[in-house]
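# An overview of the molecular structure
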Amino acid sequence: ERALLLSDSKREELDICDYEGVQLFMNMCASWREAGVERAHDNQVKAIRRRMTSSQQSALDQLAASADRYADASGAEEEEITRGGSGNIAFTVGARQSVRKQFLDDLEKAERGEFPAYDAAAFSDLDRQLNEAYRDTMRAAPQEVDWQDLDGQESKGTLRDAERAWLAYRDA
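Keep in mind that this is a model prediction, so the values were computed, not measured.

Taken as a whole and judged by the stated rule, the model has 12 salt bridges. Two residues, Asp61 and Arg49, come together in a salt bridge whose shortest N-O distance is 2.8 Å. Of the two residues, Asp61 is situated in helix α2 (residues 54-82) and Arg49 in helix α1 (residues 23-50); the sequence distance between them amounts to 12 residues. The exposure class assigned to Asp61 is partly exposed, which follows from its relative accessible area of 36%. According to the relative accessible area criterion, Arg49 is partly exposed, its value standing at 28%. Here Glu132 ties to Arg128 by a salt bridge, and the two come within 2.8 Å at their closest N and O atoms. Of this pair, Glu132 and Arg128 both sit in helix α4 (residues 120-140), separated by 4 residues, roughly a single helical turn. Given the relative accessible area of 40%, Arg128 is considered partly exposed. Three or more residues are tied together by salt bridges with common partners; here these are Glu38, Asp42, Asp68 and Arg100.

Reported here for the largest pocket is a volume of approximately 870 Å³. Looking at the largest pocket, it is lined by 25 residues, and the ones nearest its centre are Leu63, Asp106, Pro116, Tyr169 and Arg170. For the lining of the largest pocket, the element with the most residues is helix α3 (residues 88-111), which contributes 6 residues. Looking at the lining of the largest pocket residue by residue, the class counts come to 17 nonpolar, 2 polar and 6 charged.

Right, let's get into the confidence of the model for the protein chain. Low pLDDT means the predicted coordinates in that region are not meant to be read closely. Scored by pLDDT, the protein chain has a mean of 82; 80% of the residues are at 70 or more. Looking across the protein chain, the model is least confident in strand β1 (residues 2-7), with a mean pLDDT of 47, and most confident in α4, with 93. Per-residue pLDDT stays below 50 along residues 1-7; that stretch engages in 19 contacts with residues further than four places along the chain or on separate chains.

This paragraph deals with the packing of aromatic side chains. Inspection of the entire model under this criterion finds 2 aromatic pairs. For the pair Tyr70 and Tyr169, a centre-to-centre distance of 5.9 Å together with 20° between the ring planes defines the contact as stacked. Of this pair, Tyr70 sits in helix α2 while Tyr169 sits in helix α5 (residues 156-171), placing them 99 residues apart in sequence. Judged by relative accessible area, which is 18%, Tyr70 ranks as buried. The interplanar angle of 50° and the centroid separation of 6.3 Å between the aromatic rings of Phe103 and Tyr169 together place this pair among those described as tilted. Within this pair, whereas Phe103 is found in helix α3, its partner Tyr169 is found in helix α5, the two being separated by 66 residues in sequence. The structure contains a cluster of three or more aromatic residues connected by ring pairs, namely Tyr70, Phe103 and Tyr169.

The rules we used
Residues numbered from 1 in each chain as written. Predicted model: local features only at pLDDT ≥ 70, side-chain atom pairs only at ≥ 80, totals over all residues. Heavy atoms only, no water. Salt bridge = Lys/Arg side-chain N within 4 Å of Asp/Glu carboxyl O. Helix = DSSP H or I, 4+ residues; strand = E, 2+ residues; numbered from the N terminus. Buried < 20%, exposed > 50% of the residue type's maximum accessible area, 1.4 Å probe, protein only. 1 Å grid on protein atoms, 1.4 Å probe; cavity = no way out; pocket = protein on both sides within 12 Å on 5 of 7 lines; lining within 4 Å. Points joined across faces, edges and corners; volume = space filled by probe spheres on them. Nonpolar A, V, L, I, M, F, W, Y, C, P; charged D, E, K, R; others polar. pLDDT = per-residue confidence, 0-100. Contact = heavy atoms within 4.5 Å. Phe/Tyr/Trp six-rings, centres within 6.5 Å; stacked < 30°, edge-to-face > 60°.

Dropping the structure here:
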């Protein structure tokens, strides 16, 4: 992954991921970075978890499991959208990392006592809007995708799986 170069008797570190114009390197580097980001994320969540009561830890464990399922579903959505194109792995990894980063950001806010300011009526209105958008999206989505067609659509099944994972995460 990394190499040392000698140049004018000065040592410089070269990271091959700084030059990832080739598909293989772009995807390989995305995977390497994901592993490092995952470790850092897990360590931050563990640090927060240690400051919690046992009942809070149990609730966090359930929430984190739901967030991981949603992250995986988001990655599957991205994989279907990119249809195995040259940046497929990088985009899929990015989708998963985006969900995990948002989870950690929200967890840190909650630990500081910063919670969304929604009442039941506002939540109900937003939920109605979400359901309308979901219905419209499902109406337009194909039953299955043609992997030769690069129009970036998702199948009904992939959309449904992602939506269910998100709902479980939201409700956890």
